[in-house]
Protein chains: 4
Amino acid sequence: MVVVMAPGATPAEVQAVVDLVRAAGGDAFVSRGVSRTIVGLVGDVADFDALNLGSRSGVLRVMRVSVPYKLVSREHHPARSVIRVGGVPIGPGTLSVIAGPCAVETPEQTLEAALMARAAGASMLRGGAFKPRTSPYSYQGLGEAGLRILADVRAETGLPVVTEVIDPGSVEMVASYADMLQIGARNMQNFALLQAVGAIDRPVLLKRGFSATVEEWLSAAEYIAQRGNLDIVLCERGIRTFETATRNTLDISAVPVAQQLSHLPVIVDPSHSGGRRDLVLPLTRAAVAAGADGLIIDVHPRPRTALCDGDQALTDADLRELADAVTGLAPLMGRVLAEPVQPAVAA
Amino acid sequence: MVVVMAPGATPAEVQAVVDLVRAAGGDAFVSRGVSRTIVGLVGDVADFDALNLGSRSGVLRVMRVSVPYKLVSREHHPARSVIRVGGVPIGPGTLSVIAGPCAVETPEQTLEAALMARAAGASMLRGGAFKPRTSPYSYQGLGEAGLRILADVRAETGLPVVTEVIDPGSVEMVASYADMLQIGARNMQNFALLQAVGAIDRPVLLKRGFSATVEEWLSAAEYIAQRGNLDIVLCERGIRTFETATRNTLDISAVPVAQQLSHLPVIVDPSHSGGRRDLVLPLTRAAVAAGADGLIIDVHPRPRTALCDGDQALTDADLRELADAVTGLAPLMGRVLAEPVQPAVAA
Amino acid sequence: MVVVMAPGATPAEVQAVVDLVRAAGGDAFVSRGVSRTIVGLVGDVADFDALNLGSRSGVLRVMRVSVPYKLVSREHHPARSVIRVGGVPIGPGTLSVIAGPCAVETPEQTLEAALMARAAGASMLRGGAFKPRTSPYSYQGLGEAGLRILADVRAETGLPVVTEVIDPGSVEMVASYADMLQIGARNMQNFALLQAVGAIDRPVLLKRGFSATVEEWLSAAEYIAQRGNLDIVLCERGIRTFETATRNTLDISAVPVAQQLSHLPVIVDPSHSGGRRDLVLPLTRAAVAAGADGLIIDVHPRPRTALCDGDQALTDADLRELADAVTGLAPLMGRVLAEPVQPAVAA
Amino acid sequence: MVVVMAPGATPAEVQAVVDLVRAAGGDAFVSRGVSRTIVGLVGDVADFDALNLGSRSGVLRVMRVSVPYKLVSREHHPARSVIRVGGVPIGPGTLSVIAGPCAVETPEQTLEAALMARAAGASMLRGGAFKPRTSPYSYQGLGEAGLRILADVRAETGLPVVTEVIDPGSVEMVASYADMLQIGARNMQNFALLQAVGAIDRPVLLKRGFSATVEEWLSAAEYIAQRGNLDIVLCERGIRTFETATRNTLDISAVPVAQQLSHLPVIVDPSHSGGRRDLVLPLTRAAVAAGADGLIIDVHPRPRTALCDGDQALTDADLRELADAVTGLAPLMGRVLAEPVQPAVAA
């Protein structure tokens, strides 16, 4: 940490800061400039936080120079991690595609979507049984019945299941059906939920909150890691800006930025970022080209009657283009398309 | 809803939209313009949502013209509501101040802060026992022990207690100590938590998420209302923007905007908005002058050693200025300062 | 400036930074922490900028600790300034209201608006002759003919004239009619224009760009000041955020923040911030209560036929409320309402 | 346009809107819903703007359904355009790279950068002689002397020159040296400047303002087109968001969105978007994969001593990677790398 003293700070005020830091077990070095004096702190940041140095007399502001997360940082673990979901790897070297319907509606729709997903290059199946919706009057999902459908479709297709969990109280139940638990954007700072998924033995897909900085996203991952679960995959899904032509603004830079700061894999959701079917393919290509470790994509056999986000689901011809895009771009990025461990039996 | 057809849409495509709407039980009127044809829908929006009209051939876009909430809207309930917390009113006619420490640390600190709050014009006590913090390494609160301290201080001072709840599983326990349950900004779209507080008999203080639109904020309130609890107070606490001089940007316009759209009371948190002690008073004055129904303010007897947000807590002399500001401005706004029902016995 | 070294930076890399700074005539102090080494620089920041320290081997990032403006800073000039416009003061102690039509349309409309403005407490007349509009198909203003109308209305009412200039080539011409030159939000970083108004002898009203930080706003003011013109008034008029209920989000905190960083007066535009007539009064009250030195407000005798921004112009009854608000709040803020030097003769 | 009536609007209020629209030469169709009545307008939007319908009694809000630009829209001109700069095409079918130093410093530095640019696949040279800088104390460019250097380097290398113009008064002078005029992000709504470049016979590179919506960007292009110059290339260069890890947030979705709404070519500036050298390559790849028609990239022979934005300039090894990325990705996107018309003689 660096403490910047106010222009008129007295030598006594500077000394008081130094004394406080030393009393807390740290050390402090003073640089006196023409218009500013700065004090560099050496030691454990956590100890200095409680000093509320920003409130001290003569202090202009306190700047943090280190990051607030450890276990998920590359500083702590330089090699990039590979996370396995039902045997399918996500991480450097592979391009891993998760696809499926936004919401599980019926066994037929889910199976059909899974086969479409598989044909388009997906090696994991997504599908929502618990849907966090902005309005209480929107479709809220099938609940546990939806999870049973997903498990049946996994048995039939061999595709591991990724599904969202929205309540700490149902984490164990959802984990009994799913291969990977998804934390949605709106729950990125639902710390009780992060701690609950941190305490069980299932990989977690952590979506970035739509107004979270990369640093806050990694701090949220740290909540999970701190409870013992380091099988975390980060998912960029668009941030909120003033632009209204797209539902959210895909922050494509977040892919290399997060990969540089954290050893965790980073995937992209091109469907929810733009919220428009016509943007899914260009954003998919951009994501792979920017170095994403994978993708999560909405597909639906009949988007016009989908109960959730039908306007962004890929279908039919789109899927061949998707398959072409990922198979064409993956080798250029030094990656191979990830495959499911068990071959799809129903295809 | 209004469906805007693409420039080259054919008459058959327009007719297809009309037919779908009529089949869903609604009606549709077509206006053919020079470069655009628009179709106005009449009927229940919920029925039309499932038509995914935005995906239909020839459709450019679909625009919603009504709001997605009902129970909390003024359209549904024109008179502005008064909510009572331990007998203290929040709503038109009064200016209601909630104050206290960001985090409950000790019985002494909490009592001292409560007496400071009372002296500054507060009629309710705030204090956090469960603290949702961005970093897992920051102070997380005393938990139930903190709630017991709050209840003891209420007994001593007569101030009703407002405290945060962060997990659906602990709503009942927290409600057994508190007079009002606070939903923090990060949990504004934690729908499981909203439904849990909607199902019990305690007023709820719903903070606006720092990237939530006013419409999303009111939709979150609707989640609570829909479960039967209409005792909701909205709290504006700053939104996230590009500006870095302040922690968040207080959206002062949100006060009149939310009061016009919803019958619920709207209060302001000037402490967390700016995140700076020197901004608390100007933002407090601005909030009252903009028509806020109340305020929630951080105070601490010794901010320099506060375990949470010490840099923004008011103390000593600040509190006299605060008292002057609220007593000076309230009458100009046609309000009286709310008083606790039981007089403070320890003062 | 502070240079933060990367975690694995070698002693030679640290020394290289120190050597560069010393070679540039500065000094550098090294603080070695547990996970980070930081180097504090002492000397003239401008000299260090050209070193591109951020590109040096082993450097993680460079943090600036001082502000990039001087002449407009309070550090350089601690007392808050009073600027005079046609004799009317703007600054501490007074509350100065500028009002008038968004666009000058006819002599009658302008005179009528000026008399309305005067009755509502305004001591200066605003009116646009050159209108920067987002679309080239919107009304662009009367040009010099509009300036002549403004000068005539000034002669009749005694109100000094504030009007916008949009092109460096017409600054002198506009200044020959106007008492104060307005730089609009879209031109806040039109540096050629800033330098042109910096070179003449007329006060300048500098609106904040709708995506400018306070620091960038003050840096824009510095461009004017650096050319010799320190008669600058800052105007907050709303920033761009994700919220769509209002045209822009009034950043009410910017008033105290800018007043703390700069000695220049700060006024607020409640009309353009919200873009809605019903928000003008609550935002006016909030601005005065937050400590603004003045206001600039749209009024129009017949808003329904206004050629520009009619939906936000105050008229009739609104103006009495406005007069009540400013006369009621000013004394509470230790201010008196500014008066024109010459009494209105046509009133 | 669509007029949404307030819930309690009377039939007379609805009729008044219809009458106004018809009196203005348009037509109006009324759809009466359960809770809302909407009026669809048919005719010329420009005629209706002056009616200020939003201010009429009983009107809740007015929604525009058509775009405010014409000449640059695909609706008006469905085929995507190819713009030629000194003979080099920018548009569908080619991938066109502009590269060079942020600021022209010396003849040697400029020539060296041009040769580096050429070797990396660039077919046009960028270089700034007039630099709009946030602070008046930053390097402001060589002015006309810099333009002469650029012209000399063009003579030597055959690369057409792209350079920024910042003042309507110097447009002709800059155009006498340059093959393409750049309008920087801060000047995107400097309408006097847009009109000036619209009146001359030189292609224009229009950067998106960092807080401009795509619609505002295209409206700015319309200002140029309306004066007769349709040789416009759009450049996405990052928008302003809350994220602080990057200088701006590259809005990668803006590439397909702008290409769908406008026939003009769209290129990307990966250097200024991120403001970090390590992000230039991933963002370059993302831009090409998203379908960009070209790139504009900072290169510098000695970034550590660059007078402007040295921290983001590519050099040496980076350039080989850049060349590999563009030559590898272009064919996948159905594009060939654009070549200069005259071969580089000094290479």
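Residues numbered from 1 in each chain as written. Chains lettered and ligands numbered in written order. Predicted model: local features only at pLDDT ≥ 70, side-chain atom pairs only at ≥ 80, totals over all residues. Heavy atoms only, no water.

Notes on the sheet that holds strand 4 (residues 59–63) of chain D
All names here are of chain D. Read across the sheet, 4 strands follow the order 2-3-1-4 without closing on themselves; strand pairing throughout is antiparallel. The sheet is open, and its two borders are formed by strand 2 (27–32) and strand 4, each paired with just one other strand. Put simply, the sheet's adjacent strands are angled 20 degrees from each other on average, direction ignored. As defined by bridge partners, strand 2 adjoins strand 3 (residues 37–42) across 6 bridges and the pair is classed as antiparallel. The partner of V30 across the bridge, within strand 3, is V39. (Pairing = 2+ DSSP bridges. Helix = DSSP H or I, 4+ residues; strand = E, 2+ residues; numbered from the N terminus. Axes fitted to C-alpha atoms, helices over the stretch in contact; angles between N-to-C directions.)

Thoughts on the packing of aromatic side chains
Residue and element names in this part refer to chain B. Evaluated as defined, the whole model comprises 4 aromatic pairs over all chains. Arranged with centres 4.4 Å apart and planes meeting at 25 degrees, the rings of F191 and Y223 form a pair that is stacked. Separated by 32 residues along the polypeptide, F191 in helix 6 (residues 191–198) and Y223 in helix 7 (residues 214–226) bring together distant segments of the chain. Residue F191 is classed as buried on the basis of its relative accessible area of 5%. (Phe/Tyr/Trp six-rings, centres within 6.5 Å; stacked < 30°, edge-to-face > 60°. Buried < 20%, exposed > 50% of the residue type's maximum accessible area, 1.4 Å probe, protein only.)

Considerations on the interface of chain D and chain C
Taken together, the contact pairs 44 residues of chain D with 44 residues of chain C. Approximately 3700 Å² of surface area, both sides summed, lies buried where chain D meets chain C, with 45% of it carried by carbon and sulfur atoms. Inspection of the region where chain D meets chain C yields 2 salt bridges. Close ionic contact of E216(D) with R240(C) constitutes a salt bridge, the shortest N to O distance being 2.6 Å. Applying the counting criterion to the chain D and chain C interface returns 19 residue pairs in polar contact (both at pLDDT 80 or more). Broken down by secondary-structure element, the contributors of at least two residues to the side of chain D that touches chain C are helix 6 (191–198) and helix 7 (214–226) of chain D. No other element matches the 5 residues that helix 7 of chain D contributes to the side of chain D that touches chain C. (Contact = heavy atoms within 4.5 Å. Buried area = accessible area lost by both parts, 1.4 Å probe. Salt bridge = Lys/Arg side-chain N within 4 Å of Asp/Glu carboxyl O. Polar contact = N/O pair within 3.5 Å; in protein donor to acceptor, adjacent residues only side chain to side chain.)

Overview of the relation of the copies chain A and chain B
Of the two same-sequence chains, chain A is brought onto chain B (RMSD 0.1 Å, axial shift 0.0 Å) by a rotation of 180 degrees. This pairing of chains is accounted for by a two-fold axis. Within chain A, S211(A) has its C-alpha nearest the rotation axis, a separation of 2.9 Å. Taken as a fraction of all interface residues of chain A, those also at the interface in chain B reach 100%, which identifies the copy contact as same-surface. (Least-squares fit on C-alpha atoms with pLDDT ≥ 70 in both.)

Describing the domain arrangement of chain A
Once the domains are mapped, chain A shows domain 1 (2–63) and domain 2 (83–337). A straight line from the C-alpha centre of domain 1 of chain A to that of domain 2 of chain A covers 44 Å. (Domains from an automatic or database assignment.)

Here's the deal with the sheet that holds strand 2 (residues 27–32) of chain A
Residue and element names in this part refer to chain A. Pairing in this open sheet of 4 strands is antiparallel, and the strands run 2-3-1-4 from one edge to the other. Looking at the sheet topology across the chains shown, the edges are occupied by strand 2 and strand 4 (59–63). Direction aside, neighbouring strands of the sheet carry axes that sit 20 degrees apart on average. Lying on the sheet, helix 1 (residues 11–23) is in contact with strand 1 (2–5), strand 2, strand 3 (37–42) and strand 4; it crosses strand 2 at an angle near 160 degrees.

As for the packing of helix 3 (residues 107–119) of chain A against helix 4 (residues 144–157) of chain A
All names here are of chain A. Axis separation between helix 3 and helix 4 bottoms out at 10 Å; the angle between their running directions is 40 degrees. Classified by the interaxial angle, the pair formed by helix 3 and helix 4 is oblique. Crossing geometry of helix 3 relative to helix 4 is assigned as right-handed. The segment helix 3 lies against helix 4, with P107, T110, L111, A114 and L115 engaging I149, L150, V153, E156 and T157. (Parallel < 35°, antiparallel > 145°, perpendicular 65-115°, else oblique. Left-handed = near helix turned anticlockwise from the far one by under 90°.)

Details of the relation of the copies chain D and chain C
Between chain D and chain C, which share one sequence, the superposing operator has a rotation angle of 180 degrees and an axial displacement of 0.0 Å; the RMSD is 0.0 Å. Comparing interface residues between copies, 100% of those in chain D also lie at the interface in chain C; the contact surface is shared.

Some thoughts on the pairing of strand 12 (residues 232–236) of chain B
Residues and elements named next belong to chain B. The element strand 12 is largely enclosed, with a buried count of 5 among its 5 residues. One ladder, built from 4 bridges, connects strand 11 (residues 204–207) with strand 12; its direction is parallel. Looking across to strand 12, one finds that L205 is bridged to V233. In terms of handedness, the path from strand 11 via helix 7 over to strand 12 forms a crossover that is right-handed. One ladder, built from 3 bridges, connects strand 12 with strand 13 (residues 266–268); its direction is parallel. Across the sheet, the residue bridging to E236 is V268, located in strand 13. As for the winding sense of the linkage, the β-α-β connection from strand 12 through helix 8 (residues 254–261) to strand 13 is right-handed. (Right-handed = clockwise from strand over helix to strand, strands pointing away.)

Observations regarding the pairing of strand 7 (residues 94–100) of chain C
All names here are of chain C. By the criterion of burial, strand 7 is predominantly enclosed, with 7 of the 7 residues buried. Burial of the side chains of strand 7 extends over both faces: T94, S96, I98 and G100 are buried on one face and L95, V97 and A99 on the other. Note: strand 7 against strand 15 (residues 336–337), 2 bridges, orientation parallel. Looking at the pairing, L95 lines up with L337 of strand 15. Pairing between strand 7 and strand 14 (residues 294–298): 5 bridges, direction parallel. Bridging across to strand 14, S96 finds its partner in G294. Of the pairings in the sheet, the one linking strand 7 to strand 8 (residues 124–126) comprises 2 bridges and is parallel in character. For A99, the partnering residue across the bridge sits in strand 8 and is L125. With helix 3 (residues 107–119) bridging strand 7 and its parallel neighbour strand 8, the resulting β-α-β unit is right-handed.

Overview of the pattern of salt bridges
Evaluated as defined, the whole model comprises 56 salt bridges over all chains. Across the pair R208(D) and E243(A) runs a salt bridge, and its minimum N-O distance is 2.8 Å. Of this pair, R208(D) sits in the loop between strand 11 (204–207) and helix 7 while E243(A) sits in the loop between strand 12 (232–236) and helix 8 (254–261), placing the two residues on different chains. The pair formed by R208(D) and E243(A) is uniform in burial state, with each residue classed as buried. The salt bridge involving D293(A) is made with R335(A); its shortest N-O contact spans 2.9 Å. Taken together, the residues span a long stretch of sequence, with D293(A) in the loop between helix 10 (277–289) and strand 14 (294–298) and R335(A) in the loop between helix 11 (317–332) and strand 15 (336–337) at a distance of 42 residues.

Examining helix 10 (residues 277–289) of chain B
Because each turn of an α-helix spans 3.6 residues, side chains separated by three or four positions in sequence point in the same direction. All names here are of chain B. For helix 10, the buried fraction is high: 11 of the 13 residues fall into the buried class. Looking at helix 10, one finds that the buried residues are L279, V280, L281, P282, L283, T284, R285, A286, A287, V288 and A289. G291 sits one or two residues past helix 10 and shows a positive phi near 105 degrees.

A word on the interface of chain A and chain B
Contact residues are listed per partner, giving 44 residues for chain A and 44 residues for chain B. Carbon and sulfur atoms supply 44% of the area that chain A and chain B bury against each other, a total of about 3700 Å² over both sides. The tally of links from chain A across to chain B stands at 19 residue pairs in polar contact (both at pLDDT 80 or more). Elements supplying a minimum of two residues to the side of chain A that touches chain B: helix 6 (191–198) and helix 7 (214–226) of chain A. It is helix 7 of chain A that provides the largest number of residues to the side of chain A that touches chain B, a total of 5 residues. Split by residue class, the side of chain A that touches chain B holds 16 nonpolar, 17 polar and 11 charged. (Nonpolar A, V, L, I, M, F, W, Y, C, P; charged D, E, K, R; others polar.)

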